[in-house]
Amino acid sequence: MRRFLRENSLSIVFLALFLTALVLQAIAGHSAFNAQQDQHMEPHVSLWRFVTSSAYAGAVMENWQSEYLQFTLYIVLTVWLLQKGSPESKALDEGGRQSDQKQRVGGHADGDSPGWARVHGVRRAIYENSLLIVMGGIWLGTWLAQSITGMSEYNSERLSHQQDPLSWVQYVGTGDFWERTLENWQSEFLAVGTMAIFAVYLRQRGSPESKPVGAAHHVTGTES
């Protein structure tokens with residue numbers, strides 16, 4: 001068990017942080033929601049009713065979809081785009097999908113390579129793009145969930161003001177939906193872009209996200 005915890009400590013800690021933040025978000029959001037209910041002289045709702053509401057689900061999905069969009073774009077753009085001096089980039093002469101030998105697929109696979117890396121055809125095509133497929137699929141799913149929960153919350157507000165509800169197509173064309181969406185997207189783009197630039201000149205000893213402390217600023221990607 002100790003060995004398992006040590007070898008998987010990064011994913012375990014982030015999972016624990018995620019669950020803790022999710023629970024605390026629910027508690028804080030529940031309190032804020034009931035405070036808003038007081039302002040409108042409406043009854044409080046239980047914690048369970050709040051966490052199953054479109055208000056809570058929409059807030060969660062807004063963040064999830066922007067995070068998965070960030071990684072989806074990062075995965076696909078770093079295949080071709082480079083940043084001199086950044087460990088977040090491939091070496092400057094390695095842009096593109098690279099050769100089968102470099103990627104160790106087909107006849108160049110190692111003895112312990114995944115089975116689908118050794119074959120040809122559709123299976124290998126799926127496997128060599130599997131990270132993008134899964135991350136992109138999760139992004140699309142959470143984006144759709146955000147749009148549905150956001151529509152439900154938006155229509156509840158419209159009905160409370162005696163206005164007709166909107167269809168899903170109508171809602172995704174509103175400023176409300178895109179303001180919520182772009183509010184998250186712009187922060188993700190800023191974070192990734194600044195990380196790529198900061199890592200050219202700044203260091204964190206012992207971190208795989210940083211070049212070695214003594215590496216020259218111009219050293220790029222795996223050259224470090």
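Source: prediction; values computed, not measured.

About the cut-offs
Residues numbered from 1 in each chain as written. Predicted model: local features only at pLDDT ≥ 70, side-chain atom pairs only at ≥ 80, totals over all residues. Heavy atoms only, no water. Helix = DSSP H or I, 4+ residues; strand = E, 2+ residues; numbered from the N terminus. Polar contact = N/O pair within 3.5 Å; in protein donor to acceptor, adjacent residues only side chain to side chain. Phe/Tyr/Trp six-rings, centres within 6.5 Å; stacked < 30°, edge-to-face > 60°. Buried < 20%, exposed > 50% of the residue type's maximum accessible area, 1.4 Å probe, protein only. Axes fitted to C-alpha atoms, helices over the stretch in contact; angles between N-to-C directions. Parallel < 35°, antiparallel > 145°, perpendicular 65-115°, else oblique. Left-handed = near helix turned anticlockwise from the far one by under 90°. Nonpolar A, V, L, I, M, F, W, Y, C, P; charged D, E, K, R; others polar. Patch = residues over 30% accessible without salt bridge, like charges linked within 9 Å, V, L, I, M, F, W, Y side chains within 5 Å. Areas by Shrake-Rupley, 256 points an atom, 1.4 Å probe, with all protein chains shown as cover. Salt bridge = Lys/Arg side-chain N within 4 Å of Asp/Glu carboxyl O. Expected span 1.5 Å × (residues − 1). Contact = heavy atoms within 4.5 Å. Core = buried A, V, L, I, M, F, W, Y, C linked by side-chain atoms within 4.5 Å.

A. View of the side chain of S53. Turning to its location among the elements, S53 is positioned in the loop between α3 (47-51) and α4 (54-80). Within the structure, the side chain of S53 is placed 2.5 Å from the backbone oxygen of F50, a separation counted as a polar contact.

B. View of the packing of aromatic side chains. Per the counting criterion, the structure on display carries 10 aromatic pairs. Geometrically, the ring pair formed by W143 and W168 is edge-to-face, given 6.4 Å between the ring centres and 90 degrees between the ring planes. One end of the pair, W143, is in helix α8 (residues 130-160); the other, W168, is in helix α9 (residues 168-171), and 25 residues separate them in sequence. W143 sits in the buried class, given a relative accessible area of 18%. A ring pair is formed by W178 and W185, whose centres lie 6.1 Å apart and whose planes are at 80 degrees; its orientation type is edge-to-face. An aromatic cluster is defined as three or more aromatic residues linked by ring pairs; in this entry it consists of W139, W143, Y154, W168, Y171, F177, W178 and W185.

C. Structural detail: the packing of α4 against α8. It is the contact of α4 with α8, at a shortest axis distance of 7 Å, that shows an interaxial angle of 150 degrees. In terms of axis orientation, α4 runs roughly antiparallel to α8. In terms of crossing hand, the pair formed by α4 and α8 is left-handed. Of the residues assigned to the contact of α4 with α8, the class counts are 16 nonpolar, 9 polar and 2 charged.

D. Summary view of a nonpolar patch on the surface. A cluster of nonpolar side chains, contributed by W116, V122, I126, Y127, I133, V134 and I138, occupies part of the molecular surface with about 630 Å² of accessible area. At the level of elements, α7 (122-127) and α8 are the ones that each hand at least two residues to the nonpolar patch.

E. View of unusual backbone geometry. At Q98, a position not held by glycine, the phi torsion is positive, near 70 degrees. On the secondary structure map, Q98 appears in the loop between α4 and α5 (100-103). Phi at R104 takes a positive value of approximately 55 degrees, unusual for a residue other than glycine.

F. Region of interest: helix α10 (residues 175-201). Compared with an ideal rise of 1.5 Å per residue, which puts 27 residues at 39 Å, α10 spans 39 Å between its outermost C-alpha atoms and is within 8% of the ideal. When α10 is considered as a whole, its buried residues turn out to be F177, R180, T181, N184, W185, E188, V192, A196, A199 and V200. Residues of α10 that are buried make contact with α4, α8 and α9.

G. Focus on the environment of W80. Within the secondary structure, W80 is located in helix α4. Taking the relative accessible area as the measure of exposure, W80 reaches 51% and is therefore exposed. Taking C-alpha positions, W80 is 24 Å from A215, a pair spaced 135 residues apart along the chain. Each residue touching W80, except ones within four places of it in the same chain, is listed here: G96 and R97.

H. Here's a closer look at the pattern of salt bridges. Taken as a whole and assessed by the stated rule, the structure comprises 9 salt bridges. Between E94 and K102 there is a salt bridge, and its shortest N-O distance comes to 3.3 Å. Among the residues examined, K102 registers a relative accessible area of 48% and is labelled partly exposed. For the salt bridge of R104 with D110, the shortest nitrogen-to-oxygen distance reads 3.0 Å. Under the relative-accessibility criterion, D110 is labelled partly exposed at 30%. Each member of the salt-bridge network shares a partner with another, and the members are E62, E153, D176 and R180.

I. Expanded view of the nonpolar core. One finds L69, W139, W143, M151, Y171, V172, F177 and W185 forming the largest nonpolar core, which totals 8 residues. For this core, the secondary structure elements donating two or more residues are α8 and α10. Among the elements that take part in this core, α8 stands out by supplying 3 residues, more than any other.

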